[in-house]
Amino acid sequence: MKKIIFSITLLIAAISLAQTESPSFITSGTYELIGSINVGFSDSERTEQNVGVVNTSTRTNIGFAPQLGYALKDNLVLGLGLSYQYSKGESFSETSSDDFNASQYGIATYLKKYFSINEKLALSLQGEVRYSWSESDQDRNFTQPGVTPLFNSESSSNQLFVGFRPGIAYRINNRFAMQAQLGALGYFRNSNKFDNDFESTANVFELSLNTQDFNLGLTYFFN
């Protein structure tokens, strides 16, 4: 419920800003080239209550997302984007250890509206359709007697996202700006296939606050 209230608040704020007169953050006929990155790290520890086993895990995510857009009119940009995300994780317990890594690739088309606050600062709301696919590999090493010591599994997945990404942008000068995207709200469809021929599909409408949906980028404007 809190996520829904948060997303509605963002949309209301954007609509309110759109109804006020303000300078153009980007003018008609201008191109924007954006290079974005996202980096995330996590460490966790949990205890399995039934057996009293302590499990510790670490995870690292690094992503790159270039975008090229064209201003159809002042403050309205149509664009195309690519993305690459690499994830690596490790976990340890008294009975096993796991190594996990995955690579994800994506392509998206988007329509972005800037809501200028002043000549330097603007909020943005990006409507987006994105398709991505990934491959992952997991090695599990068991230390329990009578259990196969090493188990390897591979999987692949496909994801479709249709929704919105709120953001904020700050102009450094006439040619450059810093931009940040702050999560994603919309429809996600995930299809997963494992090496044992097991398949699963999930459909969900939600506000995603995962690290891969937080992007910080540098923008270059040109005509």
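Keep in mind the model is a prediction, meaning the values are calculated, not measured.

Criteria and thresholds
Residues numbered from 1 in each chain as written. Predicted model: local features only at pLDDT ≥ 70, side-chain atom pairs only at ≥ 80, totals over all residues. Heavy atoms only, no water. Phe/Tyr/Trp six-rings, centres within 6.5 Å; stacked < 30°, edge-to-face > 60°. Helix = DSSP H or I, 4+ residues; strand = E, 2+ residues; numbered from the N terminus. Buried < 20%, exposed > 50% of the residue type's maximum accessible area, 1.4 Å probe, protein only. Lys NZ or Arg CZ within 6 Å of the ring centre and 35° of its normal. Salt bridge = Lys/Arg side-chain N within 4 Å of Asp/Glu carboxyl O. Contact = heavy atoms within 4.5 Å. Patch = residues over 30% accessible without salt bridge, like charges linked within 9 Å, V, L, I, M, F, W, Y side chains within 5 Å. Areas by Shrake-Rupley, 256 points an atom, 1.4 Å probe, with all protein chains shown as cover. Lys, Arg positive; Asp, Glu negative; His and termini not counted. Charge placed at Lys NZ, Arg CZ, Asp CG, Glu CD.

In this section: the packing of aromatic side chains. One pass over the full model with this rule turns up ten aromatic pairs. Between Phe-161 and Phe-188 the ring centres are 4.7 Å apart and the planes differ by 40°, which places this aromatic pair in the tilted class. Of the two residues, Phe-161 sits in strand β6 (residues 150-171) while Phe-188 sits in strand β8 (residues 184-194), which places them 27 residues apart along the sequence. You can call Phe-188 buried: its relative accessible area is 6%. For the pair Phe-176 and Tyr-220, a centre-to-centre distance of 5.3 Å together with 45° between the ring planes defines the contact as tilted. One end of the pair, Phe-176, is in strand β7 (residues 176-182); the other, Tyr-220, is in strand β10 (residues 214-222), and 44 residues separate them in sequence. Residue Phe-176 is classed as partly exposed on the basis of its relative accessible area, which comes to 32%. Relative accessible area serves as the criterion here: at 33%, Tyr-220 is assigned to the partly exposed category. Taken together, the ring pairs connect Tyr-31, Tyr-70, Phe-176, Tyr-220 and Phe-222 into an aromatic cluster. Between the NZ or CZ atom of Arg-171 and the centre of the ring of Phe-25, over which it lies, the distance is 5.3 Å.

We now examine the pattern of salt bridges. Scanning the entire structure with this criterion turns up three salt bridges. With a shortest N-O distance of 3.0 Å, Glu-32 and Lys-112 are connected by a salt bridge. Taken together, the positions of Glu-32 in strand β1 (residues 31-48) and Lys-112 in strand β4 (residues 96-116) put the pair 80 residues apart, joining distant regions of the chain. Assigned by exposure class, Glu-32 and Lys-112 land together as buried.

With that settled, consider unusual backbone geometry. In this structure, Asn-75 is a non-glycine residue whose phi angle is positive, near 70°. Following the sequence through the fold, Asn-75 ends up in the loop between β2 (53-73) and β3 (76-92). Given a relative accessible area of 8%, Asn-75 falls into the buried group.

Within the secondary structure, Ser-124 sits in strand β5 (residues 121-142). Looking at Ser-124, the relative accessible area reads 9%, which means it is buried. For Ser-124, the residues in contact, after removing those within four places along its chain, are Lys-112, Lys-113, Tyr-114, Phe-115, Arg-165, Pro-166, Gly-167 and Ile-168.

Together, Glu-135, Glu-154, Asp-195, Asp-197 and Glu-199 line one region of the surface with negative charge. Structurally, Asp-195 is set in the loop between β8 and β9 (199-208). Take Asp-195: its relative accessible area is 46%, and that puts it in the partly exposed class.

By themselves, these figures tell us nothing about what the structure is for.
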